[in-house]
Structures are given as C-alpha cells and as structure tokens.
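Below are the chains, spelled out letter by letter.
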Amino acid sequence: MKRWLSPLTRFHSLRWRLTFLYLGLLSVLLVLLGGGQYLAARELLFRSNADVLANDYRAVATSFLKTRLAALNRLTPPTPAARLQQTLTAFAQELRSRQISAGVFDLNGRYLTFQPATLAPDTPAIVLPPSDYVAAVEQGPRRYYLTSAGDPPATYLTSLEVIRNGTRPIAIAQLSIPTADIDRTLAFDREIALAGSLLVLLLAALLSPLVVGHALRPLEQMSATAGALAAGDYKQRVTVPRTRDEIGNLAFAFNQMAAGIDQAFEVRRRSEERMRQFVADASHELRTPLTAIAGYLDVLARRDEIDPLTLHDALEAMKRESARMTRLVNDLLTLTRFESGRGPSLRPVPLDAWLNETLDELDLQSQGSPERRSLQRGIVVHADPDALKQVVINLAQNALKYAPGAEQDWSCFSENGRAAIRLHDAGPGIPAQDLPHVFERFYRGEKARDRSAGGSGLGLAIARSILEAHQGSIQAESSPGRGATFTAWLPLAA
Ligand code: ADP
C-alpha cells in the first residue's frame, strides 16, 4: 500500500530532510574548502613574486651597489650626501625593470628617489606608511607588503631591502610590481572553484535523493508492512537488506517482531478454537442428562395417575442423571481451576506413606480389584495432596471401569531426578488408535463410548492438568491384551 504525501509533507519526510541536511553540509564544506584554497593560492603567488623581487635585488646589489659603494668609500675626505644620493638614484635605475618600479628611502622613510617600471612610466610613486620603513630597518623587512597607489587606485606588491654600507644601514630599497596579473590569475582560479563547486552541488542535489531514497526504502516498506499487520495480515514481512547496518538490523528486528505477533495471534486463535470446542463439548455432555430428565418429567406429566413404582423408578433415574450432571460440573470446575493457571498449594509430601494411606482409603479390594503395592521409601515431592489424590482416584476408577476385576499394580519410585507414581492394570489395555488421545478433554475410547455408564472423558485430562500445574507430566503405555500403564511424573522436593 503506497501512501501519497502532499508536496509540503513530502519535503518534511526523512528522505528530504536528510537530502537537505547533506546538501547544506556539502555547501558549507565547499565554501570552506574553496575559501581556504583561494587564500592559500593567493599567499603562494604573493610569496613567489616577493621572492622574485628579492632575487632581482640581490643580483643588482652584488653586481652594482657593492662596487659603487666601495668606490665612494675610497674617496677622501668622505663624499658628501649628494654623491651618495647620486649613487642610490643610479642604483634605483638599475633595480627597476620592465615590470618592476624601484625606489630608495632614507632610514626615516623619507622618499629619496622613485623609478617607475620601464613599461609603465606613469606608475605613481608607491609609498608605504613611514613606520614600515623604520620597522624594516630595526627588525628586518617583512616578506612582502601590499599597498595601493594612483587614481584610480591600483594595488602593488612591494618588497623592502635595507641597503648597508658594510654593516651600517644607509637607506632602504623598495621594489614594487602591480598585483593585476596575480589578481587575474586568482579571479580565474575563483571562477573555476565556483563552477566546480556548483557542478558538485548540482550532481549531489540530483543524486542524493536517489541514494537516500534507496537507503530508506526498507523503512517505507516497514511502514507499509506495519499497516498490513495492523489490518490483520500477520504473514507480511519486509525484505532485509544485505547490509547489516542500522536499517538492516531494524528490518531484521521488525521481521522478528512480526513473526512474534503472528505466533501470538496463532496461539490466541488456537486457544479460542480450543475454548469454542470445549464449550461445545461441555454443552453437549450436559445436554444428555438434561434431555433424559426432561424426558422422565414429560412421561410423568402426561399420566393422569402415576403408580408408585413408576414414580419411584422415574425419580431414581432422574437422581442418577442429576448425579451424573453434578459429577460433570465438578469435573469441569476442577479442570478449569488447574488450567486457569492458579497454582496448587504445594507442601512437602513423603510419597510412599501418602500413597499407602490414599490407597487404603480407596479400598480397591472391596470394589472388586485385587491390588499390589511396591513403594520406594524416602521420596519426598512438593505437591498439593488433595490435587494429587484426585489423580490417584481418577487412575484407580479408570482401572476399575475398564479393567474390572483385574489386578492393580501400584508403585512409586524416583528416576532421573523425578518422582513417579505408576499404576499398571492387567486389563484389556488401550487400543493403539485411542492411546495418543486419552489425555484430551472429553475423549472417550470406543468401548467407553458404548458404555451407558461411561465417564465424561475428563478424568485423564484432569489428571494431566493437575500434574502440569505441579511442573510434572503423565504418560500412558499399553499394548493390547497386556493391560495399561499410567505413570505420573513429579519433581522431587529440593
Ligand atoms: P472417561 O473414563 O471418563 O471416559 P478418561 O479421560 O478417564 O475418561 O479416559 C479416557 C479414555 O481412556 C477412556 O474412555 C478409555 O477409553 C481410556 N482408558 C482410560 N483408562 C483406561 C484403562 N485403565 N484401560 C483401558 N482404557 C483406559
């Protein structure tokens, strides 16, 4: 089931939120990267141009200035400032070139001479703030300076060099080139970076909704499947992506949850089915005595005069039927009590002594069944004696009913950490087709069904639910002609 989202809601979806977040992050990163790259390239270009200026200076200074200053120093008496000025002006003319303008300043930053580049004779005088010249003499010049001059103003990259006579600073040389070429290179670089970034952003804007959508598809499928589950289709599952990432794990967990729900509903459905069956069976069982009683009452009502014998027989029959009904209702109550999960009230019971006493009370001999006992001593179980007595009574009564007159062989023992009460009767046994069903509610073997006085089919079901409430179990074994054996297993008291 595909849910269509309105355009506004669609952009609020996780898919678009992630896409926008990703694009926003990418834009910020591109701006940071582009800005950083631009500043680094600019600095690199300025530095390499400043290095060119410094190299030019060194070449001219060694070839020209050294010899001129040496010649000046040889003059006696020392030459006046005018000769020095002439020398420095000539030096500035040597320093300048096609691109480079050169100037010489005194140690206070005052302007002595300025020689524009030969290719740009109209270059305005380039002058830095006087503090830069003073600082250059005192602390050494910076690698380069940027200043603007002229009208309209143009920017110049300037390099300063302190001119020394021996070790004594006598003036400052200044070499400048316009930054126009560098600016053009940088502008080109900026445009390339901008176009590249826009292209990357465009590609990301086109691809990221697809990529994010693909990654989130299992979530969409899960939401559709959850809807189907809510609508009652418990068999729906999602395809678990091969990648075991968070979404893969979620899909896996989702399927486990769906399987759990499916199982829980299946259990509920089966339990409801069992409950329906139980109510139908119970009603059916109750209807038989009720119908019989109604029949007797009908017969009596139709007679004008009832002889005492008929009345006595009818009342006796109705008494029998009502006793049968009471038995059935009591059995049903016992069964529901143990199946409702209310646990029996347990206490330690010494099994041999208790079974001895219970069998004595039952007095099977007087009911026509010879009986043998072999009871292992010292076994203690945790049990509800009244409930356990019900098990023994049901087993004994079955043996009396289905193996009348046959010997009942009772034993109790412990085996593999469990205690057991076992009854073997030497009767006809249980037919193979009945054996797997004897513990089912209302199940009666074929022979029992024919018997008018047969039980309700609840005796063994009650025995089983009592033992299960004790964390125990019951099993039946039989081979035709060899009698039947019932073993009730109980946990030993700690
Ligand atoms: P009921 O005795 O009321 O029919 P039970 O639940 O006690 O119901 O027993 C279920 C069925 O198991 C009986 O109908 C009978 O067919 C079979 N059964 C039980 N005990 C014996 C036994 N000792 N020998 C042969 N068959 C038995």
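Residues numbered from 1 in each chain as written. Predicted model: local features only at pLDDT ≥ 70, side-chain atom pairs only at ≥ 80, totals over all residues. Heavy atoms only, no water.

### Things to note about the site of the ligand
- In the vicinity of the ligand there are 19 residues, among which N398, Y402, D425, G457 and L460 approach most closely.
- The separation between a nitrogen atom of the ligand and a polar side-chain atom of D425 is 2.8 Å.
- Within the backbone of G457, an N or O atom sits 2.8 Å from an oxygen atom of the ligand.
- Surface burial for the ligand is 96%, taken as the share of its 530 Å² of free accessible area covered by protein chains.
- At the level of elements, helix 9 (385–402) and helix 11 (459–469) are the ones that each hand at least two residues to the shell around the ligand.
- Broken down by element, the residue count for the shell around the ligand peaks at four residues, all from helix 9.
- Among the residues forming the shell around the ligand, the class breakdown is nine nonpolar, seven polar and three charged. (Near = heavy atom within 4 Å. Polar contact = N/O pair within 3.5 Å; in protein donor to acceptor, adjacent residues only side chain to side chain. Areas by Shrake-Rupley, 256 points an atom, 1.4 Å probe, with all protein chains shown as cover. Helix = DSSP H or I, 4+ residues; strand = E, 2+ residues; numbered from the N terminus. Nonpolar A, V, L, I, M, F, W, Y, C, P; charged D, E, K, R; others polar.)

### Thoughts on helix 7 (residues 308–339)
- With 32 residues, helix 7 should cover 46 Å at 1.5 Å per step; its first-to-last C-alpha distance of 46 Å lies within 8% of that length.
- Those residues of helix 7 that fall on the buried side of the exposure criterion are A314, A317, M318, E321, L328, L332, T334, L335 and F338.
- Summarising the contacts, the buried residues of helix 7 are in contact with helix 6 (246–302), helix 9 and helix 11.
- One or two steps after helix 7, the chain reaches G341, where phi turns positive at roughly 95°. (Expected span 1.5 Å × (residues − 1). Buried < 20%, exposed > 50% of the residue type's maximum accessible area, 1.4 Å probe, protein only. Contact = heavy atoms within 4.5 Å.)

### Section: the pattern of salt bridges
- Tallied over the entire structure, the rule returns 19 salt bridges.
- Residue R237 is joined to D262 by a salt bridge in which the shortest nitrogen-to-oxygen separation is 3.5 Å. Of this pair, R237 sits in the loop between helix 5 (180–230) and helix 6 while D262 is found in helix 6, placing the two residues 25 residues apart along the sequence.
- On the accessibility criterion, D262 (12% relative accessible area) is buried.
- Across the pair E407 and R372 runs a salt bridge whose closest N-O atoms are separated by 3.4 Å. Here E407, found in the loop between helix 9 and strand 9 (408–415), pairs with R372, found in strand 7 (residues 371–375); they are 35 residues apart in sequence, far enough to count as distant.
- Residues joined by salt bridges that share partners form a network here, namely K235, R237 and D262. (Salt bridge = Lys/Arg side-chain N within 4 Å of Asp/Glu carboxyl O.)

### Topic: the domain arrangement of the chain
- Assigned domains within the chain: domain 1 (29–186), domain 2 (220–339) and domain 3 (343–491).
- Each of domain 2 and domain 3 has a C-alpha centre, and these two points are 26 Å apart.
- Counting residues at the interface gives 14 residues for domain 2 and 14 residues for domain 3.
- For the pairing of domain 2 and domain 3, the buried interface totals around 1300 Å² over both sides, and the portion due to carbon and sulfur atoms is 64%.
- Of all residues in domain 2, E285, L335 and F338 bury the most surface against domain 3, accounting for 42% of the area lost on that side.
- Put simply, domain 2 and domain 3 have two salt bridges between them.
- When the shortest N-O distance is used, the salt bridge between D384 and R337 registers 4.0 Å.
- Between the two partners, domain 2 and domain 3, sit one residue pair in polar contact (both at pLDDT 80 or more).
- For the side of domain 2 that touches domain 3, the secondary structure elements donating two or more residues are helix 6 and helix 7.
- Top contributing element to the side of domain 2 that touches domain 3 by residue count: helix 7, with nine residues. (Domains from an automatic or database assignment. Buried area = accessible area lost by both parts, 1.4 Å probe.)

### A closer look at the side chain of E161
- Looking at the element boundaries, E161 is found in strand 4 (residues 154–165).
- In this structure E161 is buried but unpaired, with R58 as the nearest side chain of opposite charge at 5.1 Å.
- Residue contacts for E161: discarding those within four places in its chain leaves A54, Y57, A171, I172 and A173. (Lys, Arg positive; Asp, Glu negative; His and termini not counted.)

### Side note on the pairing of strand 4
- Here strand 4 lies mainly inside the structure; nine of its twelve residues are buried.
- Here five bridges tie strand 3 (residues 145–149) to strand 4, and the two strands are oriented antiparallel to one another. What sits directly across from T147, in strand 4, is Y156.
- Turn length for the strand 3-strand 4 hairpin, with the two strands adjacent in sequence and antiparallel, is four residues, and the turn residue G150 shows positive phi of about 90°.
- Two elements, strand 4 and strand 5 (residues 168–178), share ten bridges in a ladder whose sense is antiparallel. Across the sheet, S159 pairs through a bridge with L175, a residue of strand 5.
- Where strand 4 folds back on strand 5, the antiparallel hairpin that results is connected by two residues, among which G166 adopts a positive phi of roughly 70°. (Pairing = 2+ DSSP bridges.)

### Focus on unusual backbone geometry
- A cis amide bond, omega 0°, links D151 with the succeeding residue P152.
- Residue position: P152 is located in the loop between strand 3 and strand 4.
- In the Ramachandran plot, N416 falls in the positive-phi region, its phi being about 50° despite a non-glycine side chain.
- The class for N416 is exposed, based on a relative accessible area of 69%.
- Although it is not a glycine, Q471 adopts a positive phi angle of roughly 60°.
- Here Q471 lies in the loop between helix 11 and strand 11 (473–478).
- Judged by its relative accessible area of 66%, Q471 falls in the exposed class.

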